[in-house]
Amino acid sequence: MTPSTLVDRIRQPEYTGENRCTPCTVVNVVIAAIASLVLGIVWAPLAIASFALFVGVIYTRGYLVPGTPTLTKTYLPDRVLRWFDKEPAPGYEVGTDSGAALDVEAVLQGAQVLEECEDEDDLCLTADFEAAWNDELRRTDESVARRRLAALVGVDETDLSLEDHGRWIVPVVDGTQIGRWESQGALVADMAADRVLEDRISDWAELTPDQRSTLARGVRVYLETCPDCGGDVRFTEETAESCCRSWEVLTIRCTDCEARFFEASLDTFEEEEAV
């Protein structure tokens, strides 16, 4: 067996390269350094040799101590894990809940987008807005959504690309991430809502891109039919995971194709309810 073949057999792609967990690596390098120093007490050259071997294992497998990814997620504080997380970091904040200071429900009710439901104590889309939104959804595909997003952030369409990051669709301009959406369908839904809201909110042109995005996202939570496959959508509670941590989220998913249209940390809702 050649050295390269041996390396390939012990390599763990799920914990190396782009998938490498930075906290796991840091913790294991510290453990490797301490273990090497202990071995060096027995014989000084052994410290250097063992540390080189340990670092090689960490580089190849992602960690030295078995079970490190699970242990890191379990025992390191979430605030520490967030420092190393690889969730897309938006620039313009488009497609996130960055316009949280905006009273979304009040604005949408004032624009006759939302109204009190007839059969429950909640808000529902008005019939005329829902009809207009559904019509716009039928006219909006990926290319139309991409063109509208470029216009929203004020860039040339040819300079904007959409990258699939697994859990997120991330628009990129000149190497900078300018937002994120839970799926292609979520982006389509927002760009269709943006077009309909433009005709209903008088000062629409004066709103910032993140404020417009937040209002469109506020409409998206009332989505009833999946733009991707036509299936029904439903609220669910799930466990989201990144390379470094796991957390509970509230999501809206399509029952047929499992496309994700909304996700927010469950802690956020619990904090709002406690206020």
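Everything here concerns the structure above.
Let me sum up the structure you'll find in this document. Since we're looking at a predicted model, the values are computed, not measured. (Residues numbered from 1 in each chain as written. Predicted model: local features only at pLDDT ≥ 70, side-chain atom pairs only at ≥ 80, totals over all residues. Heavy atoms only, no water.)

### Quick look at the nonpolar core
Next, step 1: Counting 45 residues, the largest nonpolar core has Val 113, Trp 133, Leu 197, Leu 215, Val 219 and Phe 261 as its most contacted members.
Next, step 2: Only α6 (104-110), β2 (123-125), α7 (127-139), α8 (142-153), α9 (184-198), α10 (209-220), β7 (246-254) and β8 (260-265) provide two or more residues apiece to this core.
Next, step 3: Not counting residues within four places of it along the chain, the set of residues in contact with Trp 133 comprises Leu 125, Ala 189, Ala 192, Ala 193, Val 196, Val 219, Arg 220 and Leu 223. (Core = buried A, V, L, I, M, F, W, Y, C linked by side-chain atoms within 4.5 Å. Buried < 20%, exposed > 50% of the residue type's maximum accessible area, 1.4 Å probe, protein only. Helix = DSSP H or I, 4+ residues; strand = E, 2+ residues; numbered from the N terminus. Contact = heavy atoms within 4.5 Å.)

### What to know about the pattern of salt bridges
Next, step 1: Inspection of the entire model under this criterion finds 13 salt bridges.
Next, step 2: In this structure, Arg 217 engages Glu 182 in a salt bridge whose closest nitrogen and oxygen atoms are separated by 3.8 Å. In this pair, Arg 217 is assigned in helix α10 and Glu 182 in the loop between β5 (176-177) and α9, connecting sequence segments 35 residues apart.
Next, step 3: A salt bridge links Arg 195 to Glu 198; the shortest N-O distance between them is 3.9 Å. With Arg 195 and Glu 198 both in helix α9 and 3 residues apart, this pair spans about one turn of that helix.
Next, step 4: With a relative accessible area of 32%, Arg 195 lands in the partly exposed category. (Salt bridge = Lys/Arg side-chain N within 4 Å of Asp/Glu carboxyl O.)

### A word on the packing of helix α2 (residues 22-42) against helix α3 (residues 44-61)
Next, step 1: Axis separation between α2 and α3 bottoms out at 7 Å; the angle between their running directions is 160°. Comparing their axes, α3 and α2 come out roughly antiparallel. Relative to α3, α2 is oriented so that their crossing is right-handed. Counted together, Thr 25, Asn 28, Val 29, Ala 32, Ala 33, Ala 35, Ser 36, Leu 39, Gly 40 and Val 42 of α2 and Ala 44, Leu 46, Ala 47, Ser 50, Phe 51, Phe 54 and Ile 58 of α3 form the full contact between these two elements.
Next, step 2: Of the residues that constitute the contact of α2 with α3, the class distribution is 12 nonpolar, 5 polar and no charged. (Axes fitted to C-alpha atoms, helices over the stretch in contact; angles between N-to-C directions. Parallel < 35°, antiparallel > 145°, perpendicular 65-115°, else oblique. Left-handed = near helix turned anticlockwise from the far one by under 90°. Nonpolar A, V, L, I, M, F, W, Y, C, P; charged D, E, K, R; others polar.)

### A word on the sheet that holds strand β4 (residues 169-173)
Next, step 1: The 3 strands lie next to each other as β3-β4-β5, forming an open sheet whose pairing is antiparallel. In this open sheet, the two strands that pair with only one neighbour each are β3 (160-164) and β5.
Next, step 2: The pairing of β4 with β5 spans 2 bridges and is classified as antiparallel. Residue pairing for β5: Val 173 is matched across the bridge by Thr 176.
Next, step 3: Against the sheet, α8 makes contact with β3 and β4, and its axis sits at roughly 120° relative to β3, the strand it touches most. (Pairing = 2+ DSSP bridges.)

### Some details on the state of the cysteines
Next, step 1: In total, this model carries 1 disulfide according to the counting rule given.
Next, step 2: Two residues, Cys 117 and Cys 124, share a disulfide whose sulfurs are 1.9 Å apart. Between Cys 117 and Cys 124, the S-S dihedral sits near 105°, and the bridge is therefore right-handed.
Next, step 3: Under the relative-accessibility criterion, Cys 124 is labelled partly exposed at 25%. (Disulfide = S-S within 2.5 Å.)

### Here's the deal with a negative patch on the surface
Next, step 1: Together, Asp 103, Glu 105, Glu 115, Glu 116, Glu 118, Asp 119, Glu 120, Asp 121 and Asp 122 give the surface a local cluster of negative charge.
Next, step 2: Residue classification places Glu 120 among the partly exposed positions, given a relative accessible area of 47%. (Patch = residues over 30% accessible without salt bridge, like charges linked within 9 Å, V, L, I, M, F, W, Y side chains within 5 Å. Areas by Shrake-Rupley, 256 points an atom, 1.4 Å probe, with all protein chains shown as cover. Lys, Arg positive; Asp, Glu negative; His and termini not counted. Charge placed at Lys NZ, Arg CZ, Asp CG, Glu CD.)

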